[in-house]
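# Structural characterization, general
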Amino acid sequence: MPRPVAITLAAATSAALLAPLGASADAGGPSPVRDSGARADGRAATSPAAAAERALRDTPSALSAATGGYPREQVLPAQPENPGDKSVKLGLTPYHAIAPALNELQELGDRVSVEIAGRSSKGHPLYLVTVTSPESARTAREQERMRELIERAPARAAKDPRIKARYKTPVFVNNNIHGNEWEGTDAALGLIEELATSKSEKTERLLDRSRVYFNVTANPDGRIAGTRANGNGFDLNRDFVTASQPETRAMRQIAIDKQPAVMIDLHGYVNGTLIEPTTPPHGENYEYDLFLKNTYANALGMEKSVNGLGYTEERDGVKPAVIPFRDQEEGWDDWPPIFTPQYMPFHGAVASHTIEFPMRVNNDAYDELPVAELRRRSAINVDIAGAAMRATLDFARSKRSSLIADQIETFRRADAGEKQVEVSEETVPGVPGIGPEDVYTTEFPRAYVIPARGAAAARLVNHLLANDVRVERASHAFRLAGRSHPAGSYVVDLHQSKRGMANVLLADGRDISDKVSTMYDISGWSLGLLWGADVRAVPEGTDLDVRRTAVRSAAAADPGRSLDSAEAVAAANGRHRTKVAAAVTPGELFALREMKFDVTPVSTAALNDGFDWKNTDVLFVSSGLAHDKLDAAARKALDGFLADGGRVVARGAEGAAFNASAKLLDVTAVEGNEAANGVVRVRNEGSLTKGAPAHSFVYSPLWFTGLGSGVRVEQSYATGNPLVAGHWRVTDDGKGGPRDAAGKASVVSGRAGGAQVVLFGTEPLFRAHPKGLFPQVGRALIG
């Protein structure tokens, strides 16, 4: 028998946690995190090309759902020891110590299994741990058949006595998705050891009736480096609609293959401990009555467990736990499915939560506080994370039957095409404070039709399939609701269990500017409007009398040479790569590499250090390059590049400031409400935007007035109110709203001396998401 894991972990961190010193954590409740994808330090993105290549290439295969019984033990290979791992300073488990710990945990009995769920952007293994009572291969196959029945034939599953008697409730604990919010990992390792060795009747009953899955660290790159983002600079908890990163795709596959009924996502740092459910607005594609009932009930249990630890504000700096739905008006919403707990319900989670433990140890606190104080705080956070996990397991054990019944009912309503049930005190008894402000539902279409034209359609269909949405293809031309569709068109029938997933991706979305004064993050994201394919909604009540067959994958179409898709731009760069010096956000850098541009990251400091322009075709500026902070030598070198015909593409406020300081295009850039974001209607007027979608995306929108001689309008905001979906209000002075932008230029171009210049007021590469907008930037860069 090996040494207890707790001893091993203590050795790995090289010091025991120290006693309380009495300092308090940062006070205050949650506030909106306006994460545009830019680096927190304001500099340009510099992630290595190899990490982007791996992210674009690596897609996890289905996890081992039916490859034998449990346990499924394997010896995990050792990872190189890294004394610079930022976890060490906090007295926490460095990444390289996790594999040895899991190897020991597997030897403690017959309850613990480990598999590799994928790899991070820098190639670090992602460890998924399953804790359950032993299962024969036959029992495991039966569990998988029941899981599939719940998803694919929920009406039958609701009547199946085997499911009621024998199906194991899947519970998922996700940790450390933000790399510098460390402590969930250590709490998980402690709880796995406890579950592996406990002889209590409560534990045995739990593991006989449940499978508990732990994603030990969702973001190894960030854990090691002490950064929120992964190795590509992406906030993984903003990536679930796009799934651009391998870590996100691994979590998506866990959601699909394991189908958790309950999940919690461990974060920091909000004091007191924040425990979802959220404030309005609530995601309109959920079966929210079932979701709120369970999420609120589990929140109460976690609150009791966390407060029951006995920490106080006076002695420890720890405030009582907060449940936003009950305790706050707005500012912590579940509207966009970009967050893990907001994505998981579309795959069957009827209770999913963000948990924010209270004691800040990252960012300035990490650099400025004494080690002893940091370790005191981390120890409290580990304790609180463990309390939330244990309470969730108690909830899953005590509510097993109703949780599975509600998961089945979620899928059954969708499969039957039934309307949602509005939340109220009558439909969700036991949850206080439900009012009209909490009622969000949608009218689901009967189907979506996607004509099979071009690379964009194939890309979109493959993305739907990757999200476990059922897609079919019509064998003949057909008419639906008075509209003709060509043979070969893809059909997404929304009478399917994953209708919420399909609709949240494809629908236009909704203008919610009048619902709340602030949002936690983005408010619009439509793949139907922003990914470049023709997506047609078919109204509910339409008879889908269309002969069609299931689609397993969509063949990539020939991108052609017209630069009308990201694939076409990539193909052009395959013939001759345009060389780009890029001072941009991480999402933009990733998107440029997705389009196969030869990118060299630059910044103010890089240019001041001496930059050789001879191998550069175009400069792209949106973040981290201030022209007025360049020294004389750097300005001279840049002027020479421009005089020789070098091109400039600039975006957003920083790009506009660069343009003004460099005296390039004669325009006035007007900044709208910096908190605004969403999908907007645009009018495409120039060669740069020819054939582009009639919609674009904005985040802190910008427009251009006072256009000087020779400045061309390539695109403008639509007249009236251009906002289709999102949140865009006027500022306190009554300005900066969408009607101020209406009809104004959103993209302009022209010559400045020898240089061709393009300015974007929109966000066509935002977080590498709006794929249909990429060609606008691609054309501007290729020239």
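Up top you'll find the structure we're talking about.
Below is a summary of the structure that appears in this document. Note that the structure is a prediction, hence the values are computed from the model and not measured. (Residues numbered from 1 in each chain as written. Predicted model: local features only at pLDDT ≥ 70, side-chain atom pairs only at ≥ 80, totals over all residues. Heavy atoms only, no water.)

### Concerning the sheet that holds strand S15 (residues 536-538)
Convention followed: In this scheme, strands are said to pair when DSSP sees at least two bridges between them. A run of DSSP states H or I qualifies as a helix once it reaches four residues; a run of E qualifies as a strand once it reaches two. Both are numbered from the N-terminal end. Here, axes are lines fitted to C-alpha atoms. For helices the fit covers the stretch in contact, and angles between N-to-C directions go from 0 to 180 degrees. The contact criterion used is simple: two residues touch if any of their non-hydrogen atoms lie within 4.5 Å.
Across the sheet, five strands lie side by side as S15-S10-S14-S11-S16; this open sheet has antiparallel pairing. Of all strands in the sheet, those bounded by a partner on one side alone are S15 and strand S16 (548-550). Direction aside, neighbouring strands of the sheet carry axes that sit 30° apart on average. Sitting on the sheet, helix H18 (residues 454-466) touches strand S10 (447-450) and strand S14 (490-493), and the angle it makes with S10 is about 145°.

### A look at the nonpolar core
We count it as follows: By nonpolar core we mean a set of buried residues, namely Ala, Val, Leu, Ile, Met, Phe, Trp, Tyr and Cys, connected to one another through side-chain atoms within 4.5 Å. Think of it in three bands: with a 1.4 Å probe and only protein chains considered, a residue is buried below 20% of the maximum accessible area for its type, exposed above 50%, and partly exposed in between.
One finds Leu102, Phe214 and Val492 to be the most contacted residues of the largest nonpolar core, which totals 145 residues. Sorting elements by how many residues they give to this core places helix H16 (residues 371-398) first, with 11 residues. Each residue touching Leu102, except ones within four places of it in the same chain, is listed here: Leu76, Val114, Tyr127, Val129, Leu189 and Val216.

### Let's talk about empty space enclosed by the protein
To keep things clear, this is the line we draw: Think of a 1 Å grid over the protein atoms and nothing else: a 1.4 Å probe that fits but is trapped marks a cavity, an open set flanked by protein within 12 Å on at least five of seven lines marks a pocket, and residues with an atom within 4 Å of a point count as lining. Grid points are joined across faces, edges and corners, and a volume is the space filled by probe spheres set on the points.
One pass over the full model with this rule turns up four cavities of 30 Å³ or more. In this structure, the largest cavity spans a volume of roughly 170 Å³. Forming the walls of the largest cavity are 18 residues, and the residues nearest its centre are Asn285, Tyr286, Glu287, Pro345 and Thr410. Those elements that place two or more of their residues in the lining of the largest cavity are helix H11 (288-307), helix H17 (400-416) and helix H19 (499-506).

### A closer look at H19
Across the eight residues that make up H19, a large majority, eight, are buried. Within the sequence span of H19, burial applies to Arg499, Gly500, Met501, Ala502, Asn503, Val504, Leu505 and Leu506. In the core, the buried residues of H19 are packed alongside helix H14 (340-343), H17, S10, H18, S14 and helix H20 (527-530).

### Some remarks on the layout of surface pockets
Here is the rule we go by: When residues are sorted by character, Ala, Val, Leu, Ile, Met, Phe, Trp, Tyr, Cys and Pro go into the nonpolar class, Asp, Glu, Lys and Arg into the charged class, and all the rest, Gly among them, into the polar class.
Roughly 920 Å³ of internal volume is contained in the second largest pocket. Split into classes, the residues belonging to the lining of the second largest pocket amount to 18 nonpolar, five polar and 12 charged.

### Quick notes on the packing of H11 against H16
Basically, it comes down to this: Orientation labels follow simple angle bins: below 35 degrees gives roughly parallel, above 145 gives roughly antiparallel, 65 to 115 gives roughly perpendicular, and whatever is left gives oblique. Take the far helix as the reference: if the near one is turned anticlockwise from it by less than a right angle, the crossing is left-handed, and if turned clockwise, right-handed.
Their axes nearest at 8 Å, the elements H11 and H16 cross at an angle of 135°. In terms of axis orientation, H11 runs oblique to H16. Between H11 and H16 lies a crossing of right-handed hand. Listed contacts from H16 to Asn294, Ala297, Asn298, Gly301, Met302, Ser305 and Val306 of H11 are Ile384, Ala387, Ala388, Ala391, Thr392 and Phe395. For the contact of H11 with H16, the residue count by class is eight nonpolar, five polar and no charged.

### Focus on the sheet that holds strand S3 (residues 169-175)
Here seven strands make up an open sheet; going across it, the order is S1-S2-S4-S3-S5-S9-S6 and the pairing mixed. Every interior strand has two partners, whereas the edge strands, strand S1 (112-119) and strand S6 (274-275), have only one. Across seven bridges, the pairing between S1 and strand S2 (residues 125-131) is antiparallel. When the bridges of S2 are listed, Gly118 appears paired with Leu126. The sheet contacts of helix H7 (residues 183-197) involve S1, S2, S3, strand S4 (210-215), strand S5 (262-268) and strand S9 (351-357), and relative to S4 the element is tilted by about 145°. Packing against the sheet, helix H8 (residues 201-209) makes contact with S2, S3 and S4, and its axis sits at approximately 90° to S4.

### With respect to the environment of Leu266
Along the polypeptide, Leu266 turns up in strand S5. Overall, Leu266 belongs to the buried group, its relative accessible area being 1%. Spatially, the C-alpha atom of Leu266 lies 8.1 Å from that of Glu181, the residues being 85 residues apart in sequence.

### Looking at the environment of Val584
With respect to the helices and strands, Val584 occurs in the loop between strand S17 (579-583) and helix H22 (586-594). Exposure remark for Val584: the relative accessible area of 0% places this residue in the buried category. Distance in space between the C-alpha atoms of Val584 and Gly233 is 11 Å, their sequence separation being 351 residues. Setting aside residues up to four positions removed in sequence, Val584 forms contacts with Ala44, Ala45, Leu589, Phe620, Ser622 and Ser623.

### Observations concerning the pattern of salt bridges
The cut-off we apply is this: Each salt bridge in this description consists of a side-chain nitrogen of Lys or Arg and a carboxyl oxygen of Asp or Glu lying within 4 Å of one another.
As enumerated under the stated definition, the model contains 46 salt bridges in all. Salt-bridge contacts for Arg147 lead to Glu151; the nearest nitrogen and oxygen are separated by 3.5 Å. Of this pair, Arg147 and Glu151 are both found in helix H4 (residues 137-152), four residues apart, which corresponds to roughly one turn of the helix. Residue Arg147 is classed as buried on the basis of its relative accessible area, which comes to 7%. Two residues, Arg390 and Glu194, come together in a salt bridge whose shortest N-O distance is 2.7 Å. Highlighted residues: Arg390 in helix H16 and Glu194 in helix H7, separated in sequence by 196 residues.

### Details of the pairing of strand S27 (residues 745-752)
Among the eight residues in S27, seven count as buried, and that is most of the element. Bridge count for strand S25 (residues 712-717) against S27 is four bridges, and the pairing is antiparallel. From the neighbouring strand, Gln715 faces S27, where its bridge partner is Val747. Here six bridges tie S27 to strand S28 (residues 755-760), and the two strands are oriented antiparallel to one another. Across the sheet, Gly750 pairs through a bridge with Val757, a residue of S28.

### Here we look at the packing of helix H2 (residues 49-57) against H22
Packed helices, taken two at a time, are described by the angle their axes make and the gap between the axes. Two elements in contact, H2 and H22, have axes separated by 10 Å at closest approach and are oriented at 70°. Looking at the two axes, H2 sits roughly perpendicular to H22. The hand of the H2/H22 crossing is right-handed. Residues Ala49, Ala52, Ala55 and Leu56 of H2 form the contact with H22, whose own contacting residues are Phe590, Arg593 and Glu594. Looking at the contact of H2 with H22 residue by residue, the classes come out as five nonpolar, no polar and two charged.

### Considering the packing of aromatic side chains
Selection rule: Here is the rule: rings of Phe, Tyr and Trp (six-membered ring for Trp) pair when centre to centre is within 6.5 Å. Planes less than 30 degrees apart are stacked, more than 60 are edge-to-face, and the remainder are tilted. Geometrically, a lysine NZ or arginine CZ counts as sitting over a ring once it is within 6 Å of the ring centre and also within 35 degrees of the ring normal.
Per the stated rule, a full pass over the model turns up 19 aromatic pairs. Taken together, a centroid distance of 5.8 Å and an interplanar angle of 70° make the contact between Trp335 and Tyr440 edge-to-face. Of the two residues, Trp335 is situated in the loop between strand S8 (333-334) and H14 and Tyr440 in the loop between H17 and S10; the sequence distance between them amounts to 105 residues. For the pair Trp613 and Phe641, a centre-to-centre distance of 4.5 Å together with 25° between the ring planes defines the contact as stacked. Residue Trp613 is found in the loop between helix H23 (604-608) and strand S19 (618-621), and its partner Phe641 is found in helix H24 (residues 632-643); the two are separated by 28 residues along the sequence. Taken as a pair, Trp613 and Phe641 share a single burial class, namely buried. A network of ring pairs unites the aromatic residues Tyr286, Tyr288, Phe291 and Phe346 as a single cluster. The side chain of Arg72 reaches across the aromatic face of Tyr70, ending 3.9 Å from its centre. Seen from the ring of Tyr366, Lys89 lies directly overhead, with NZ or CZ sitting 4.5 Å from the centre.

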